[in-house]
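The primary structure of each chain is shown beneath.
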Amino acid sequence: MALTNDHTVKAFDEDLNRLRGLISEMGGRAEQALLQAMTALKQGDFDLAAQVVRDDKKIDALESEVEQLAVQTIALRAPMADDLREMIAALKIVSVVERIGDYAKNIAKRVALMDQTRSIEAIPLLMSMSSIVAELIHDALDSFAARDAELAVRVTVRDKNVDDFYNSIFRTLVTFMMENPKYISESAHLLFVAKNLERMGDHATNIAEMVYYVVTGEHMEERERGEQPEDGAAEQEQG
Amino acid sequence: MTQDDLIIADPKMRAQGVNVFYGDKQAINDVSIDVGTDLVTAFIGPSGCGKSTFLRSLNRMNDTVASAKVTGRIELDGEDIYAPSMDVVQLRARVGMVFQKPNPFPKSIYDNVGYGPRIHGLAPSKADLDVIVERALVRAGLWDEVKDRLLESGTALSGGQQQRLCIARAIAVDPEVILMDEPCSALDPIATAKIEELIHELRGKYAIVIVTHNMQQAARVSQRTAFFHLGTLVEYGKTTDIFTNPKQERTKDYITGRYG
């Protein structure tokens, strides 16, 4: 479906464009927060970590701005069909992006809690995992901006890579803790980081599923999901 | 959703391959649609798309236009309404109509409602007529407002009350189908809401077809929606599907306000 900005009432198009712009900005900020949090983790950069925590307020503010605009547009313009689906998706997507921002903030907060003198070999794995997650978030929001259902489907398929990474990191860290009990505290923190990244991937998938609904009007069919993460907790942690 | 979901098992009215011409100009092109008693059907579409013309062909109101010609088949309970044997007066009693502007007779409220049953011989005695008038006014949601002034002129009522009076007049002759041609376009939102509530109440008792320019109204009152454009039936479906996920590009452009 092409991007259509041709409503008879031009002010409606302006509202829609503003809404799309705000969501893009919000997605960009969440992606950046993730990348900065991971950089701060890798380099032990407390200042950068603190900045991620501060910047999360801007993501929250954008969420309320989108909510307000979407509610206002529904009330004043009575959108129908794909316009209506877009409003509903916009409301859901921003709450998901806000969650992604929270996970990035959570990672950033751990930087100060960790003993930076000890290096743990799982960190490079986490860096690779985070760059895949950042790509998924990026592509999910791109698929929304471009109304690209195929890209959205690819995002949901690629989320399996994130789950694979999580399973691998989980095993690595558990082994590490068994072999080096003095690293348990650090390893536990990194396990939470991995879990946060895994959840972010799931949220990118949620966005992609909503984009698919906006574009096609149908719900994405239950696709082949990969194995559940090995701690078996992924489903209970929904929300 | 499959087409099977859209089949109306026992249609009250059935139109097949209907064309309507005004002189040389074709206003309706090969329209087929079923109307049932349990589902309110809304006709939507831009001005001049033929929806009112098609509605008016369902009780032969187009007969009053000299140049109008209808081809194809329209059935009421399986009976061809354009057959020579069809009594048009009787047909219009069975297929009643409510118009855009309330048009009460310049008579009392009582006579407005009682006139039809009387001339159709539905009320042998004054007591019978009283019962019919009261029942029609109750069904039209007007009784409580007018029961103490039944002998006042129908034209003295407010616009919304007049329209409900016209609906009471239509249902007084116990029709099977009620056609409504933009029944709320001259009414304020409260009077509109009362008519919509009335449509909801009447559903199941009569087959109801409503033409409306107000898409929110179509969405609120109907279970089936038919989108007309340039004399053709572009899309027919469940109202929820038409307004959330229309299949045809032209339908989508119209309901989302992109229609040129």
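Residues numbered from 1 in each chain as written. Chains lettered and ligands numbered in written order. Predicted model: local features only at pLDDT ≥ 70, side-chain atom pairs only at ≥ 80, totals over all residues.

Of the regular secondary structure elements, chain B holds ten helices and ten strands. For chain B, the C-alpha radius of gyration of 18 Å lies close to 18 Å, the compact-globule estimate for 260 residues. For the C-alpha atoms alone, the extent of chain B along its principal axes is close to 55 × 45 × 35 Å. Per-residue burial over chain B gives 45% buried out of 260 residues. The contacts of chain B with a sequence gap of at least 6 include a subset with a gap of at least 24, amounting to 68%. (Helix = DSSP H or I, 4+ residues; strand = E, 2+ residues; numbered from the N terminus. Rg over C-alpha atoms; globule rule 2.2 N^0.38 Å. Buried ≥ 20, exposed ≤ 12 C-beta atoms within 10 Å, placed from the backbone. Contact = placed C-beta atoms within 7 Å.)

Now for the overall build of chain A. When its secondary structure is counted, chain A shows six helices and zero strands. Looking at the 239 residues of chain A, the share that counts as buried comes to 40%.

Turning our attention to the sheet that holds strand β4 (residues 68-76) of chain B. Hydrogen bonds between backbone atoms are what pair the strands of a sheet, whose relative direction is either parallel or antiparallel. Residues and elements named next belong to chain B. Read from one edge to the other, the open sheet built from four strands follows the order β2-β1-β4-β5, with strand pairing classed as antiparallel. Of all strands in the sheet, those bounded by a partner on one side alone are β2 (25-35) and β5 (79-80). Summarising the sheet, strand β1 (residues 13-22) and β4 pair through eight bridges and their orientation is antiparallel. Of the residues in β4, the one forming a bridge with Ala-15 is Ile-74. (Pairing = 2+ DSSP bridges.)

Moving on, we get to the sheet that holds strand β10 (residues 232-238) of chain B. Residue and element names in this part refer to chain B. Strand order in the open sheet formed by six strands is β6-β7-β8-β3-β9-β10, and the pairing between neighbours is mixed. The strands lining the two open edges of the sheet, one partner per strand, are β6 (95-98) and β10. Here the average twist between neighbouring strands, direction ignored, is 20°. As paired elements, β6 and strand β7 (residues 177-181) share four bridges and run parallel to each other. What sits directly across from Gly-96, in β7, is Ile-178. Here helix α6 (residues 159-172) sits on the sheet and contacts β6 and β7; the angle it forms with β6, its principal contact strand, is near 175°. (Axes fitted to C-alpha atoms, helices over the stretch in contact; angles between N-to-C directions.)

Here the focus is the pairing of β1(B). Remark: a regular strand shows side chains that alternate across the two faces of the sheet. All names here are of chain B. By the bridge criterion, seven bridges tie β1 to β2 in an arrangement that is antiparallel. Opposite Val-20, over in β2, you have Ile-28 as the bridge partner. In this antiparallel pair of consecutive strands, β1 and β2, the connection spans two residues, and Gly-23 shows a positive phi of 65°.

For the rest of this paragraph, the subject is helix α7 (residues 189-202) of chain B. All names here are of chain B. Between its first and last C-alpha, α7 extends 20 Å over 14 residues, near the 20 Å set by a 1.5 Å rise per residue. Listed in full, the buried residues belonging to α7 are Ile-195, Leu-198 and Ile-199. An end-on view of α7 places all buried positions within 105° of arc, on one side of the element. Summarising the geometry of α7, the exposed residues directed more than 90 degrees from the buried face are Pro-189, Ile-190 and Glu-201. Taken together, the buried residues of α7 touch α6, β8 (207-211) and α8 (215-221). Directly beyond the C-terminal end of α7, a positive phi value near 95° is found at Gly-204. (Expected span 1.5 Å × (residues − 1). Arc of directions from axis to C-beta.)

This part takes up the packing of helix α3 (residues 81-111) of chain A against helix α6 (residues 184-216) of chain A. What describes two packed helices is the angle between their axes and the distance between those same axes. Residues and elements named next belong to chain A. Between α3 and α6, the least distance of the axes is 9 Å, while the angle of their chain directions is 170°. Judged by the inter-axis angle, α3 sits roughly antiparallel to α6. Here the residues of the contact of α3 with α6 sort into 14 nonpolar, five polar and seven charged. (Parallel < 35°, antiparallel > 145°, perpendicular 65-115°, else oblique. Nonpolar A, V, L, I, M, F, W, Y, C, P; charged D, E, K, R; others polar.)

Looking now at the interface of chain B and chain A. Taken residue by residue, the interface counts twelve residues in chain B and 15 residues in chain A. Elements that contribute at least two residues to the side of chain B that touches chain A include exactly α8, α9 (239-244) and α10 (249-255) of chain B. Of the residues contributing to the side of chain B that touches chain A, the split by class is five nonpolar, five polar and two charged.

All right, on to helix α5 (residues 149-179) of chain A then. All names here are of chain A. Taking 1.5 Å per residue as the helical rise, α5 with its 31 residues ought to reach 45 Å, and the 46 Å between its terminal C-alpha atoms agrees with that figure. Within α5 the residues assigned to the buried category are Ala-152, Val-155, Thr-156, Asp-159, Val-162, Phe-165, Tyr-166, Ile-169 and Leu-173. Looking at the buried residues of α5, the elements they touch are α4 (122-146) and α6.

Residues and elements named next belong to chain B. When you line up the elements, Asn-19 lands in strand β1. A sequence separation of 51 residues divides Asn-19 from Val-70, and the C-alpha atoms of the two residues are 5.7 Å apart. In contact with Asn-19, other than residues within four places in its own chain, are Gln-26, Ile-28, Asn-29, Asp-30, Thr-71 and Gly-72.

Our next topic: the confidence of the model for chain A. Low-confidence regions, as indicated by low pLDDT, have predicted coordinates that should not be scrutinised in detail. A residue-level look at chain A finds 88% of positions with pLDDT of 70 or above and a mean pLDDT of 88. This model gives residues 234-239 of chain A a pLDDT under 50, and the stretch forms four contacts once residues within four places in sequence are excluded. (pLDDT = per-residue confidence, 0-100.)

A separate point is the packing of helix α1 (residues 10-43) of chain A against α4(A). Residue and element names in this part refer to chain A. Packing of α1 against α4 leaves a shortest axis separation of 10 Å and a crossing angle of 175°. Between α1 and α4, the crossing angle belongs to the class labelled roughly antiparallel. Residues Arg-20, Ile-23, Ser-24, Gly-27, Ala-30, Glu-31, Leu-34, Leu-35, Met-38 and Lys-42 of α1 pack against Ile-123, Met-127, Ser-130, Val-133, Ala-134, Ile-137, His-138, Leu-141, Phe-144 and Ala-145 of α4. Tallied by class, the residues present in the contact of α1 with α4 amount to 13 nonpolar, four polar and three charged.

Below, the discussion takes up unusual backbone geometry. Within the chain, Arg147(A) stands out as a residue other than glycine whose phi angle is a positive 55°. Along the polypeptide, Arg147(A) turns up in the loop between α4 and α5. Arg147(A) sits in the partly exposed class, given 19 other C-beta atoms within 10 Å. Phi angles above zero are rare outside glycine, and Glu182(B) is one such case at about 45°. Summarising the element assignment, Glu182(B) is placed in the loop between β7 and α7. By C-beta crowding, Glu182(B) is classed as partly exposed, having 19 other C-beta atoms within 10 Å.

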